[in-house]
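Residue-level structural notes
Each chain, letter by letter, is given below.
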Amino acid sequence: MKYFLFAAMAISIGAIPAGGAPPPEDEPPRLIVLDSLAHFYEPVRFDHQLHIDYADCAECHHHTTASPATDPRCTICHTTATAGASVACRNCHGTKRPSGEDAAKPRPSHRYHIDIVSLAGAYHINCLDCHQAVDAGPIECIDCHAFTEEGKKFFHLTDSLLGSPKNQGADQ
Amino acid sequence: MKRISRRSFFKAGTTAALAGILGFKSAPAQARAFSGYAHSKAVLVDLTRCIGCRSCEAACNKEQGLPAPATPFTDQSVFADTGHLGHRRPDDKAYTVVDRTDSPLADHPLFRKIQCNHCLEPSCLTACFVNAYTKTAQGAVIYDPSVCVGCRTCMVACPFSIPAFRYDSALHPRIMKCQFCYETRLQYDRPPACVEACPRDALTFGERESLLRIARHRIRTRPDEYVNHIYGEHEAGGTSWLYLSPVPFAEAGFDTTVPTEPIINYVKDFLAIVPMVLTIWPALFAGFHLLARRNRVHPDSADTEISDE
């Protein structure tokens, strides 16, 4: 029961730093396990340290890390770099799918942000588009996350077909 | 008894016929203004986000209890295996398919999800003479197999060639098409299964008016990534599934010859006079006939011919 509770907490937290002792508060995590959406796929082990070496924080975190935003669409309003309450993706990108309701909200902050993608959308759009643009990094679904048993059932995958050359190296 | 003169008969007959024509013509003229139910739901498909992972196909298969596919939904070779049509299309075993187009205008393959577009004024519905189709207030075009007689006129009427027929079932032949997950989801205001399965938010569910706002917002904020056109905003009189594309829609495999008028508008005038022809004309012309022959005796009659001249 104790372990179950811990697992449930870990899933609800969404991203738990793993791989040895956690770094100090003000240092970015080295490895992040993305498991809040794990259902058809196993959790993703995201090498955060590797990406720090390749990209500016703002490229993924927008303005929330207190580094200036780079996207000209953002700098229209976000003239100064203000640190967000949290830099985690899930703080703004919810697990709920975006819907037309977002466009109908009268709040001033939604005049522009009427179209915020979900957490899954943020991961897959940000990761894949960048990997394709720089021609590096995993692109295929199972390059990042292996199927769970439920996922295999969902996609009608049998073990014999999963490893067949037909399903390998398919162009995206 | 007052006899009706030939002249007064023609006068009354012509007036009745004209009233009939004018009366029937005013009704469709009003119906032409219909632009969808208020607050009806829709889905926005963004081709710049779709990568052809086919998760939507798998979700649809599971939700609708469709037959198992020939190859797993991860199989990417289906995009090349398009048959004589040159593109994939939904059939009786798949309500939705993703089709790949290799446009020279895009530096990567384009994927578009194809399913029933759930027109605001569906031509399948108007073509069906047993009313097997219903456009629900939530926006779905649903089909009732219990009244269908299998005439397949809807398949001919659909401008997007969507309804498919289950030919291989001798006992339960029926039309197979996307139902917008009406029974299980849409009637409870939940998004269809395909939308929830999309990993890249290429599909967005919501009220049609809100999605048009979002679509325009995307075009406005990223003018270099989209063409300034929302496919389905006006096509076929407007559809509940809307599309955004990075290349002109004809390049992405869409049929851009679909008229912006609802298909029914092309036949409304004709259909309006059909009841009149069937009800007024027989009585009118039978009357003319009887009037013209009223004093004539049948030539075969044995009686002596009487002339009243």
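Residues numbered from 1 in each chain as written. Chains lettered and ligands numbered in written order. Predicted model: local features only at pLDDT ≥ 70, side-chain atom pairs only at ≥ 80, totals over all residues. Heavy atoms only, no water.

**Re the overall build of chain B**
Note the cut-off: A run of H or I in DSSP becomes a helix once it reaches four residues, and a run of E becomes a strand once it reaches two; helices and strands are each numbered from the N terminus. Exposed residues in this analysis have more than 50% of their type's maximum accessible area, buried residues have under 20%, and partly exposed residues fall in between, with area computed by a 1.4 Å probe over protein chains only. Whether two residues touch is decided by their heavy atoms; if any such pair falls within 4.5 Å, the residues are in contact. In this description, accessible areas are obtained by the Shrake-Rupley approach with a 1.4 Å probe, and a residue is regarded as covered only by the protein chains that are shown.
Regarding its fold elements, chain B presents seven helices and nine strands. With 309 residues in all, chain B has 48% of them scored as buried. When contacts within chain B are restricted to residue pairs at least 6 apart in sequence, long-range pairs at least 24 apart make up 61% of them. In the form shown here, chain B has an accessible surface area of approximately 16200 Å², with 57% of it arising from carbon and sulfur atoms.

**Digging into the side chain of B:D201**
Rule in force here: Nitrogen and oxygen atoms within 3.5 Å of one another constitute a polar contact, given that in protein one can donate a hydrogen and the other can accept it, and given that sequence-neighbouring residues count only through two side-chain atoms.
Tracing the sequence through the fold places B:D201 in the loop between α5 (193–197) and β8 (203–207). In terms of polar contacts, B:D201 uses its side chain to reach the side chain of A:R97, at 2.6 Å. Not counting residues up to four positions away in its chain, the partners in contact with B:D201 are A:R97, A:P98, A:V117, A:S118, A:G121 and B:R49.

**Remarks on the interface of chain B and chain A**
Stated formally: Any carboxyl oxygen of Asp or Glu within 4 Å of a side-chain nitrogen of Lys or Arg constitutes a salt bridge here.
The partner chain A presents 31 residues to the 40 residues of chain B that form the contact. Inspection of the region where chain B meets chain A yields three salt bridges. In this structure, the connection of chain B to chain A is made through 15 residue pairs in polar contact (both at pLDDT 80 or more). Secondary-structure elements contributing two or more residues to the side of chain B that touches chain A are α2 (55–63), α5, β8 and α6 (208–221) of chain B. With seven residues, α6(B) is the largest single contributor of residues to the side of chain B that touches chain A.

**Notes on the sheet that holds strand β1 (residues 41–46) of chain B**
All names here are of chain B. Heads up, the condition is: Two strands are counted as paired when DSSP detects at least two bridges linking them. In this analysis, axes come from line fits to C-alpha atoms, helices being fitted only over the stretch in contact, and the angle between any two N-to-C directions falls in the range 0 to 180 degrees.
Strand order across the open sheet formed by three strands is β8-β1-β9, with mixed pairing between neighbours. Edge positions in the sheet fall to β8 and β9 (241–244), since each of these pairs with one other strand and no more. Mean inter-strand twist for the sheet, computed between neighbouring axes without regard to direction, equals 25°. In terms of strand pairing, β1 meets β8 through five bridges, oriented antiparallel.

**Topic: the pattern of salt bridges**
Side-chain pairs of opposite charge can arise where the charged atoms are in close proximity. Applying the stated criterion across every chain, the model contains 18 salt bridges over all chains. In this structure, the salt-bridge partner of A:R97 is B:D201, at a minimum N-O distance of 2.6 Å. Here the residue A:R97 occupies a position in the loop between α4 (72–75) and α5 (101–104), and B:D201 occupies one in the loop between α5 and β8, the pair thus bridging two chains. Each member of the pair, A:R97 as well as B:D201, carries the same accessibility label: buried.

**Comments concerning the layout of surface pockets**
Residues and elements named next belong to chain B. To keep it simple, the criterion reads: For each structure, a 1 Å grid was placed over the protein atoms alone; sets of points admitting a 1.4 Å probe that cannot get out are labelled cavities, open sets with protein on both sides within 12 Å along at least five of seven lines are labelled pockets, and lining residues have an atom within 4 Å of a point. Grid points are joined across faces, edges and corners, and a volume is the space filled by probe spheres set on the points. In this classification, Asp, Glu, Lys and Arg are treated as charged, Ala, Val, Leu, Ile, Met, Phe, Trp, Tyr, Cys and Pro as nonpolar, and every other residue, Gly included, as polar.
Counted as a void, the second largest pocket has a volume near 550 Å³. Contributing to the lining of the second largest pocket are 23 residues, with V78, R88, D91, A94 and V97 lying nearest its centre. The class makeup of the residues in the lining of the second largest pocket is ten nonpolar, six polar and seven charged.

**Some thoughts on a nonpolar patch on the surface**
Heads up, the rule is: Patch membership needs two things, relative accessible area over 30% and no salt bridge, and members are linked within 9 Å if like-charged or within 5 Å if nonpolar (Val, Leu, Ile, Met, Phe, Trp, Tyr).
Together, B:Y266, B:V267, B:F270, B:L271 and B:I273 make up an exposed nonpolar region whose accessible area comes to about 470 Å². Structurally, B:V267 is set in helix α7 (residues 265–292).

**Points about helix α6 (residues 119–134) of chain A**
All names here are of chain A. The condition is simple: The span you would expect from a helix comes to 1.5 Å times its residue count less one.
Taking 1.5 Å as the rise per residue, α6 with 16 residues should run 22 Å; its terminal C-alpha atoms sit 22 Å apart, in good agreement. Lining the buried residues of α6 we find β2 (31–34) and α2 (48–54). The positive-phi residue at the C-terminal boundary of α6 is D135, with phi of around 55°.

**Some details on the packing of aromatic side chains**
For any pair of aromatic rings, the description consists of the separation of the ring centres together with the inter-plane angle of the planes. Residue and element names in this part refer to chain B. The test is simple: Stacked, tilted and edge-to-face are the three classes assigned to paired rings of Phe, Tyr and Trp, where Trp is represented by its six-membered ring and a pair needs centres within 6.5 Å; plane angles under 30 degrees give stacked, over 60 edge-to-face, the rest tilted.
Throughout the structure, instances matching the rule amount to 16 aromatic pairs over all chains. Ring plane angle 65° and centroid distance 4.9 Å describe the contact between F165 and Y167, whose orientation is recorded as edge-to-face. Where F249 meets F254, the ring centres are 5.0 Å apart and the plane angle is 90°; that geometry is what we call edge-to-face. The two residues F249 and F254 agree in class, both being buried.

**Considerations on the confidence of the model for chain A**
Residues and elements named next belong to chain A. Here is the rule: As a per-residue measure, pLDDT reflects the predictor's confidence and takes values from 0 up to 100.
Here chain A averages 75 in pLDDT, and 75% of its residues register 70 or above. The low-confidence segment residues 1–22, where pLDDT is below 50, has 21 contacts with residues more than four positions distant or belonging to other chains. Under a pLDDT of 50 for its full length, residues 163–172 has, in the predicted model, 21 contacts with residues more than four places off or in other chains.

**What to know about unusual backbone geometry**
All names here are of chain B. Phi at H39 is positive, roughly 60°, even though this residue is not glycine. Located in the positive-phi region is D189, a residue other than glycine, with phi close to 65°. By secondary structure assignment, the location of D189 is in the loop between β7 (175–176) and α5.

**Quick word on the nonpolar core**
Condition: Here, nonpolar core refers to any group of buried Ala, Val, Leu, Ile, Met, Phe, Trp, Tyr and Cys residues whose side-chain atoms link them within 4.5 Å.
Of all hydrophobic cores here, the largest spans 42 residues; its most connected members are B:V43, B:F160, B:L203, B:W241 and B:Y243. Where this core is concerned, the elements lending two or more residues are β1, α2, β2 (97–101), β3 (110–114), α5, β8 and β9 of chain B. Top element by residues in this core is β3(B). It accounts for three residues. If we ignore the near neighbours within four places in the chain, the residues touching B:V43 are B:F180, B:P192, B:V195, B:L203, B:T204, B:F205, B:L211, B:S240, B:W241 and B:L242. Of all hydrophobic cores here, the second largest spans 13 residues; its members include A:I114, B:L211, B:I219 and B:Y226.

**Here we look at α7(B)**
Along its 28 residues, α7(B) runs 39 Å from first to last C-alpha, staying within 8% of the 40 Å computed at 1.5 Å per residue. Where α7(B) is concerned, the buried positions are B:N265, B:K268, B:A272, B:M276, B:L284, B:G287 and B:L291.

**Section: the confidence of the model for chain B**
All names here are of chain B. Averaged over chain B, the pLDDT score is 87; the fraction of residues at 70 or greater is 85%. Mean pLDDT across the secondary structure elements of chain B bottoms out at helix α1 (residues 6–31), with 57, and peaks at β9, with 98. Low pLDDT, under 50, characterises residues 24–31; the stretch is placed with eight contacts to residues that sit more than four places away or in other chains.

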